[in-house]
Amino acid sequence: MAAPVRSRVDGEVPAVQKLTIGKALNMGLRAAMEADDKVIILGEDVGKLGGVFRITDGLQKDFGEQRVLDTPLAESGIIGTAVGLAVRGFRPVCEIQFEGFIFPGFDQISSQLAKLHYRTQGKIKVPVVVRVPFGGGIGAVEHHSESPESLFAHIPGLKVVSCSNPTDAYWMIQQAIACDDPVLFFEPKRLYHNGQLKSEVDTTTPGGPLFASRVVREGTDCTLVAYGPSVKVCLDAAAAAAEEGRSLEVIDLRTISPLDLGPVFESVRRTGRLVAVSEASSESSITSEIAARVQQECFYSLEAPVLRATGFDTPYPPSKLEEHFLPDLDRVLHTVDRAMGW
Amino acid sequence: MAAPVRSRVDGEVPAVQKLTIGKALNMGLRAAMEADDKVIILGEDVGKLGGVFRITDGLQKDFGEQRVLDTPLAESGIIGTAVGLAVRGFRPVCEIQFEGFIFPGFDQISSQLAKLHYRTQGKIKVPVVVRVPFGGGIGAVEHHSESPESLFAHIPGLKVVSCSNPTDAYWMIQQAIACDDPVLFFEPKRLYHNGQLKSEVDTTTPGGPLFASRVVREGTDCTLVAYGPSVKVCLDAAAAAAEEGRSLEVIDLRTISPLDLGPVFESVRRTGRLVAVSEASSESSITSEIAARVQQECFYSLEAPVLRATGFDTPYPPSKLEEHFLPDLDRVLHTVDRAMGW
Amino acid sequence: MPSPEQWTHPEPGEGPAAQAAQPSREQVIAGLRNTDAGGAEVTQLLTPEGERIASPQFDRYISDIDPEALRGLYRDMVLVRRADREANAMQRQGQLGIWVPLLGQEAAQVGSGRALKPQDMAFPSYREHGVAYTRGVDFKELLGIFRCTDHGGWDFKAHGFHPYTIVIGNQVLNAAGYAMGQKFEGRVGNTDGDGNPSSTDEATIVYFGDGATSQGDVHEGFVWAAVYDAPLVFFCQNNQWAISEPTERQSRLPLYQRARGYGFPGIRVDGNDVLACLAVTRWALEECRHGNGPVLIEAFTYRMDAHTTTDDPTRYRLSEELEVWKHKDPIERVRVHLARNGYADQEWFDQIQSEADAFAADLREFCFNMPEPPPERVFANVYAEPSPVLDSQRDEFLSYLAGFVEAGER
Amino acid sequence: MPSPEQWTHPEPGEGPAAQAAQPSREQVIAGLRNTDAGGAEVTQLLTPEGERIASPQFDRYISDIDPEALRGLYRDMVLVRRADREANAMQRQGQLGIWVPLLGQEAAQVGSGRALKPQDMAFPSYREHGVAYTRGVDFKELLGIFRCTDHGGWDFKAHGFHPYTIVIGNQVLNAAGYAMGQKFEGRVGNTDGDGNPSSTDEATIVYFGDGATSQGDVHEGFVWAAVYDAPLVFFCQNNQWAISEPTERQSRLPLYQRARGYGFPGIRVDGNDVLACLAVTRWALEECRHGNGPVLIEAFTYRMDAHTTTDDPTRYRLSEELEVWKHKDPIERVRVHLARNGYADQEWFDQIQSEADAFAADLREFCFNMPEPPPERVFANVYAEPSPVLDSQRDEFLSYLAGFVEAGER
Ligand SMILES: Cc1ncc(C[n+]2csc(CCOP(=O)(O)OP(=O)(O)O)c2C)c(N)n1
Ligand SMILES: Cc1ncc(C[n+]2csc(CCOP(=O)(O)OP(=O)(O)O)c2C)c(N)n1
Ligand SMILES: [Mg+2]
Ligand SMILES: [Mg+2]
């Protein structure tokens, strides 16, 4: 059975707080660790340092070295031991330092984490969460700005989610930890400490369900669908479009696998147009999947093909060039223009 | 510069031979090794044993242990040393024993093999071929029947191809080895030794270019697109459909990345319908990408949405169940029916 | 179901097998060398001739092995071998998709498996049918994997026996994590009321082959277990071959010496000596339970049959090698020992043989009657919690299938 | 360009840094312990006090190091440190996106780098600016990576210096493959006309950190190099820390002992002693060139600055530790040695300092004037041979961009 996501009623923490995404994640992890002492954190530099992004800040101090483990430097080891710990009854939360370093752990993710439940006809559960800071826009060197989430969406047995705002960050991480399936949790690293996004988080009442997408801005002319860091880009684009009298609906996917495209279908049936936005390269990606399914489900509603504004099919470029690589407000609006003019 | 793919004129080998795919690959590898002594083969059991499928049969005997290496048992090691050998000037051909065992090598593939050329602004070339027997239908145990090619199609910097017949097997492997880019070469393992597919291979004249798809059967009602083992399924389906008076066009993708969709667009503009077939799970896959691009390029030509007949979004099941998992002739025709009835 | 033999043997008489290479001189020598390598370094308590060798270090770990217990170990090995041979035969008859024979490794598996306590956990690779047996997993429960009706389905927790792991090395890290969990839960280094080691302390054992030692995951397992003092016994069955590759392709040194680089004990045991395997594994498990952290055991043994039923060992090793190893058979030496010392008579041996035959017959009958899994099984248990996308794929497929039934086609 | 500092310091004064934990007692002790660990096992030729210690084994490898050569090594280290500090400062001024300081590791890098011959190949990690310098790679050529205008662009072949590798451990396998290639091409174990070792024989050196030793790739590099007798020197700079994790988190044993498990030599050298690093690396390279296969060197040193400019070491180590290591400074001991023996006077030291300042000034000026890469660079060199899909993405994007220019917006 899944561990409970407790509403916080202990009164120690104010019920509503203004938080960044980073702080919300930190508090969400803390709440999960308080709720269930089988929750442990594993990763490189997650202890004393609190992680290179400080998302686990203070947790080792308060929960000890057996619940927040500074592991040896090897990702297959982190995931592989987490699987074993889960078999033992723990609920490990692994931190991958940057998405570009998840690949040494790919085999354990696809061969064990994703398949153990299926292999054993459900007799073994592996409630492991793999936290992955992802995406670009931080001016970093190679391997620190990628968006590999589509690879995991293609692997059956995994669930993949991404948060885009502090409230979701706080609740989704707890729900992911409580989920009995392995969850890859993609965190929009460039927004971790973005003060603009700081918002009030109600820490008493859980948000909606984890595996559900959500309309975050209503509109009538064209639908934008995105997840993680691209949600903010889309919201900004919608605000800019509104000034020019164009009404864009924005959907935050939240769950990447399984996809919850119901709200997207419903929206496209109204607007007739869809632009899918993601920093990931487009080829064989989540945005491909969205396009494939929407053209099938909304065949007679579409007034233009589903278009995509994504990272290009190149490796992530040197970050002086990332403004070109990343789908920004202009490129999203340009793509909307193309959809409108079809 | 790419190594040459030589036409064979030495007269020792008959110019036209009846070959299976397996034998054609074996002869193609031999021809590549004769043409360029920098071509070396690395893998588990590829030497004395000739590989578990015998694709490298006889090569170590004739070219020696420094050109056909039985490596230690570790896939990251195989790919990682192949990258270093390529930097040194070799043209390594790695054999991954079964596609399910490519994952320990995923990091070296995505972080080094795919990116070294980009990282060095073209100063370092990594002409490595990774041969991957893939797909199901052989009644095997877990990890021996998967179709992970979409994962590699999503990684920029790699090229990904798959052969479906003896002539392509013979020539494509040589072209892949001669290509200056890293090529993931997916081989339809269940067809290796399929006597039905045995056909005359002209070993004197190279086939068409490597990175081009090809219409393998013409038709007018609906287009089928597939690659590797699914091409045969589609051809069989088209033959069956013809008996019922339905004319299906079949396109062999051959190149998965970069996709060569020109012939598909052209075909869909004529037929108005497309069914994409693959054994891989559908989510965020090559068939998603095909659907996404075809709905965009052929928006006004499509009389039905692009449909897909694929493996399900489950791990590969125990192989007693694989007949259900794999898109077979019936399921392809059923999907065609749906497209026709839209 | 297509038989995996077709992988390599397209049409009899022609095809690639016809070009089979002979093993090189070096390989033959390597193979033969193995037969007496390990001599000085190897821990042996029962010689191939059935003589009991005293060991100051290890005798106390088998002080409870009286003639009856020894007969028990003999019986274990005979049953396991008989079942293995039966399964192998059933594969030849098309009843199993593949079989992974353990022939020759009975002592390594029974000896180490019998060293475990109920509360311990074992992480097998894919050849550990003998260990499975010692953990109380019915041989029948293994068949699903090889008949390809399931990926394994015994009660892992109840038996303390993890699922088979096919991807080489993976299970070593999983086992390290599990053992860390035992430690974190305070299940090592305890004492009872009298100050003796607690009988409820736990340890984990993980099985892997000589070839597996090259994998990064095995190394990382060594690193993790060492750093966290995890109660983990690394049990490497060096059966001299990783499919067609001799151990020389994986290491310059005897494999047990790998432990030297990590700072925990490594030991080579005669893997064909059930007593030595039992004693050494008990010692290693105790080290673990005391909280001293991991131990590496290299069981020096030999794979007497093919790698799997799809393999053709004549392509890479000479039958002479097998002949040499037959002299070191793990069962025969116990038989000689029991007989010579009067611990068992012919009647008893005959009785065990009939018991083994009955065991095998039962297995065979079970195998022939195994049901086919239903199509919906494809979709079952992908997730613990529902996935609407998958549910609709399933529903769609099942109604598609139902269409055939209605049309009378399937 | 957003500065990576923003990763961790949202708003000054508040944010997570305010909760910074202090290093634990254990960590402090571990750190201090390191300062005299390695004592007996470490190879040292020049003490921190500048005294030359004779070594029967290694002296002959530096018999050519006369005062002039020693001054050269001193100059190398001073220049490298000065450039490192300049780059660090430029990062603080926003001219570089990040910098990875080598402060404290000059001797390890210059000593090992100077041991290489032109035909040798070096595979760096990401901190080997000092090695780059010894390979004739201009410091300016390194800046693109850290200014984020490129991923590295020097002439790798001409310099015998591979691209920086950021994914921990990857380069170790790549180096093993390269070294196998040297062997396959017959570039080891040759003799010249007089029967002496050939001066054109080759070897490879690969750099990695203490943290990296845990990665599977490093292990597999050990396995491959050992099995193929590849001419590869594994040069591990143990700078005591993998970001915030002390070496104890990676290993129970001193890291050089890892080699014991693989059957090739492992040696610990004082990584702050340029002479010892030079001598030991020359020895190791000769082993390789003779065809004896790999050697592991652990250079025992200290990262005197932060992991990178985004790191805050005060969160995990005490400044006392740094103070201890300052007494073992790699440059200072050479200065004392030169001065005490009258090999260099103050004027010479001053001159080197000015030279270093000029070197840094030149670097600074270059950095400030580095051009921005053009947008089409995003699409360039993804493949060696054309990819029509990508070409059309590029064309479409460039015409989109041109649209802005036409509209006067960018
Ligand atoms: C990662 C991975 N690579 C390749 C294989 C294919 N394979 C299966 S068994 C085997 C040899 C294993 O040898 P060893 O570790 O000595 O174990 P043994 O089979 O001898 O018991 C290989 C290469 C695999 N299962 N997993
Ligand atoms: C595979 C991988 N995981 C994580 C990282 C993030 N990372 C960069 S440097 C570093 C620590 C490396 O420590 P060490 O090997 O001792 O080298 P040092 O930086 O001390 O020179 C980490 C964890 C990475 N670059 N690659
Ligand atoms: Mg073996
Ligand atoms: Mg370090």
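Residues numbered from 1 in each chain as written. Chains lettered and ligands numbered in written order. Predicted model: local features only at pLDDT ≥ 70, side-chain atom pairs only at ≥ 80, totals over all residues. Heavy atoms only, no water.

The following threshold applies: UniProt positions are given in the numbering used here, feature names are shortened, and annotations may be inferred rather than shown by experiment.
For chain C, an unreviewed UniProt entry supplies the name Pyruvate dehydrogenase E1 component subunit alpha and the organism Amycolatopsis deserti. The UniProt entry for chain C carries the following text under Cofactor (unreviewed entry): "thiamine diphosphate".

An unreviewed UniProt entry lists chain A under the name Pyruvate dehydrogenase E1 component subunit beta, with Amycolatopsis deserti as the source organism. The heading Cofactor (unreviewed entry) in the UniProt record of chain A holds the text "thiamine diphosphate".

## Focus on the layout of surface pockets
Quick reminder of the rule: Cavity means a closed set of points on a 1 Å grid over the protein atoms alone, one where a 1.4 Å probe fits but cannot get out, pocket means an open set with protein on both sides within 12 Å along at least 5 of 7 lines, and lining means a residue has an atom within 4 Å of a point. Grid points are joined across faces, edges and corners, and a volume is the space filled by probe spheres set on the points. Helix and strand labels come from DSSP, where a helix needs a run of H or I of at least four residues and a strand needs a run of E of at least two; each type is numbered from the N terminus. In this count, Pro and Cys sit with the nonpolar residues alongside Ala, Val, Leu, Ile, Met, Phe, Trp and Tyr, while Asp, Glu, Lys and Arg are called charged and the others, Gly among them, polar.
If you add up the space inside the largest pocket, you get close to 760 Å³. The wall of the largest pocket is formed by 31 residues, among which A:R293, A:Q296, C:S392, C:Q393 and C:E396 lie closest to the centre. Taken together, the elements giving at least two residues each to the lining of the largest pocket come down to helix 10 (286-297) of chain A, strand 14 (307-311) and helix 12 (329-340) of chain B together with helix 13 (388-406) of chain C. Top element by residues in the lining of the largest pocket is helix 13 of chain C. It accounts for seven residues. Residue composition of the lining of the largest pocket, by class: 13 nonpolar, nine polar and nine charged.

## A short note on the interface of chain A and chain D
Our working definition: Contacts are residue-level and defined by heavy atoms, with any inter-residue pair within 4.5 Å sufficient. Summed over both partners, the accessible surface that disappears when two parts come together, traced with a 1.4 Å probe, is what is meant by buried area. Think of a salt bridge as a Lys or Arg side-chain nitrogen and an Asp or Glu carboxyl oxygen that are within 4 Å of each other. N or O atoms within 3.5 Å of each other form a polar contact, as long as, within protein, one can give a hydrogen and the other can take it, and as long as residues adjacent in sequence are counted only when both atoms are side-chain atoms.
Taken together, the contact pairs 52 residues of chain A with 58 residues of chain D. With both sides pooled, the region where chain A packs onto chain D buries about 4,700 Å², and carbon together with sulfur makes up 60% of that total. Applying the counting criterion to the chain A and chain D interface returns three salt bridges. Salt-bridge contacts for A:D57 lead to D:R315; the nearest nitrogen and oxygen are separated by 2.3 Å. Linking chain A with chain D are 13 residue pairs in polar contact (both at pLDDT 80 or more), by the criterion used here. Listed by contribution, the elements that provide at least two residues to the side of chain A that touches chain D are helix 11 (322-325) and helix 12 (329-340) of chain A. It is helix 12 of chain A that provides the largest number of residues to the side of chain A that touches chain D, a total of four residues. Partitioned by chemical class, the residues of the side of chain A that touches chain D number 19 nonpolar, 16 polar and 17 charged.

## Some thoughts on the coordination of the magnesium ion (ligand 4)
Six octahedrally arranged donors around a metal ideally form angles of 90 or 180 degrees; four tetrahedrally arranged donors ideally form angles of 109.5 degrees. Residue and element names in this part refer to chain D. Put simply, the rule reads: Nitrogen, oxygen and sulfur within 2.8 Å of a metal are treated as its donors, or within 3.2 Å for sodium, potassium and calcium (Na, K, Ca); water is not counted, so a site can appear incomplete. Residue burial is assigned from relative accessible area. The probe radius is 1.4 Å, only protein chains are included, and a residue is buried under 20% of its type maximum, exposed over 50%, and partly exposed in between.
Of the protein atoms, only D210 (OD), N239 (OD1) and W241 (O) coordinate the magnesium ion (ligand 4), at distances of 2.0 to 2.2 Å. When the donor residues of the magnesium ion (ligand 4) are listed from N- to C-terminus, their spacing reads D-x28-N-x1-W. One end of the pair, D210, is in the loop between strand 3 (204-209) and helix 8 (216-227); the other, W241, is in strand 5 (residues 241-242), and 31 residues separate them in sequence. Across the pair, exposure class does not vary: D210 and W241 are buried alike.

## Re the interface of chain A and chain B
Interfaces are often sized by the accessible area lost when the parts come together. The partner chain B presents 53 residues to the 53 residues of chain A that form the contact. At the junction of chain A with chain B, the criterion picks out six salt bridges. B:R308 is paired through a salt bridge with A:E289; the nearest N and O atoms lie 3.2 Å apart. Here chain A is connected to chain B by 17 residue pairs in polar contact (both at pLDDT 80 or more). The dominant element in the side of chain A that touches chain B, judged by the number of residues it contributes, is helix 10 of chain A, at eight residues.

## A few points about the relation of the copies chain A and chain B
Think of it as a corkscrew move, a rotation about one axis and a shift along it, taking one chain copy to the other. Our working definition: To superpose the copies, least squares is applied to the C-alpha atoms of every residue with a pLDDT of at least 70 in both.
The two copies are related by a screw motion: chain A maps onto chain B through a turn of 180 degrees and a shift of 0.0 Å along the axis, at an RMSD of 0.0 Å. With respect to symmetry, the two chain copies, as superposed, fit the operation of a two-fold axis.

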